[in-house]
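Next come the chains, spelled out residue by residue.
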Amino acid sequence: MNIEKLIKSLFGFCNKDLKFEKPPSLFLRRDDENAKNNLGRTAHYDPNNKKVVVYITGRHCKDVLRSMAHELIHHHQNERGDFDDCEPMGSGYAQEDEHLRNMEKEAYLKGNMLFRDWEDSCKKQMQMEANNKMKLKE
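Figured I'd write up the structure that's included with this text. Note that this is a predicted model, so its numbers are computed, not measured. (Residues numbered from 1 in each chain as written. Predicted model: local features only at pLDDT ≥ 70, side-chain atom pairs only at ≥ 80, totals over all residues. Heavy atoms only, no water.)

Here we look at the pairing of strand β2 (residues 43-46)
Okay, so step 1: Neither face of β2 is left uncovered, since the one carrying A43 and Y45 and the one carrying H44 and D46 both have all their residues buried.
Okay, so step 2: Direction of pairing for β2 relative to strand β3 (residues 51-55): antiparallel, over a ladder of four bridges. Each bridged residue has a counterpart across the sheet, and for D46 the counterpart in β3 is K51.
Okay, so step 3: The hairpin turn running from β2 into β3, its antiparallel successor, is four residues long, and K50 in that turn takes a positive phi close to 50°. (Buried < 20%, exposed > 50% of the residue type's maximum accessible area, 1.4 Å probe, protein only. Helix = DSSP H or I, 4+ residues; strand = E, 2+ residues; numbered from the N terminus. Pairing = 2+ DSSP bridges.)

Now the structure itself:
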């Protein structure tokens, strides 16, 4: 399955749980310079423009999808109003601001769990399809 189909599937799975009022814009960014940096960006969310950007150069598909799920949690937080009255987020924001740190904790936990649940549901579906093919051959 290609990455576009996986992205659509994961997005639909997350949306079913998070119930977005309005979906964010999603951008997959190729960036060779960022990929060369071992501590480069993996993804980010722009709350003002409701935009998710995921860097894809040199990354495993599952890692890209996990980053997407994390950023979708930030969009959900934005829709709840959690970004209201936040200071600009620069370096160290998740270490210096307790509110933003808690938002990051939620994004890591909920995003990873949604990704894991989605992945397990995909594997279960694939197994069911494989079993059905075996039965048809018999």
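Concerning helix α3 (residues 61-80)
Okay, so step 1: Along its 20 residues, α3 runs 29 Å from first to last C-alpha, staying within 8% of the 28 Å computed at 1.5 Å per residue.
Okay, so step 2: Most of α3 is tucked away, with 14 of its 20 residues classed as buried.
Okay, so step 3: Where α3 terminates, the next one or two residues include G81, which has phi positive at roughly 95°. (Expected span 1.5 Å × (residues − 1).)

A short note on helix α1 (residues 3-18)
Okay, so step 1: Across its 16 residues, α1 extends 22 Å between first and last C-alpha, which sits within 8% of the 22 Å expected from 1.5 Å per residue.
Okay, so step 2: What α1 keeps buried is the set L6, I7, L10, C14 and L18. Taken end-on, α1 shows its buried residues confined to a sector of 100°, consistent with a single buried face. Within α1, the exposed residues directed more than 90 degrees away from the buried face are K5, K8 and K16.
Okay, so step 3: Of the residues that open α1, the one with a side-chain oxygen 3.2 Å from the backbone nitrogen of E4 is N2.
Okay, so step 4: At the C-terminal side of α1, K19 shows a positive phi close to 55°. (Arc of directions from axis to C-beta. Polar contact = N/O pair within 3.5 Å; in protein donor to acceptor, adjacent residues only side chain to side chain.)

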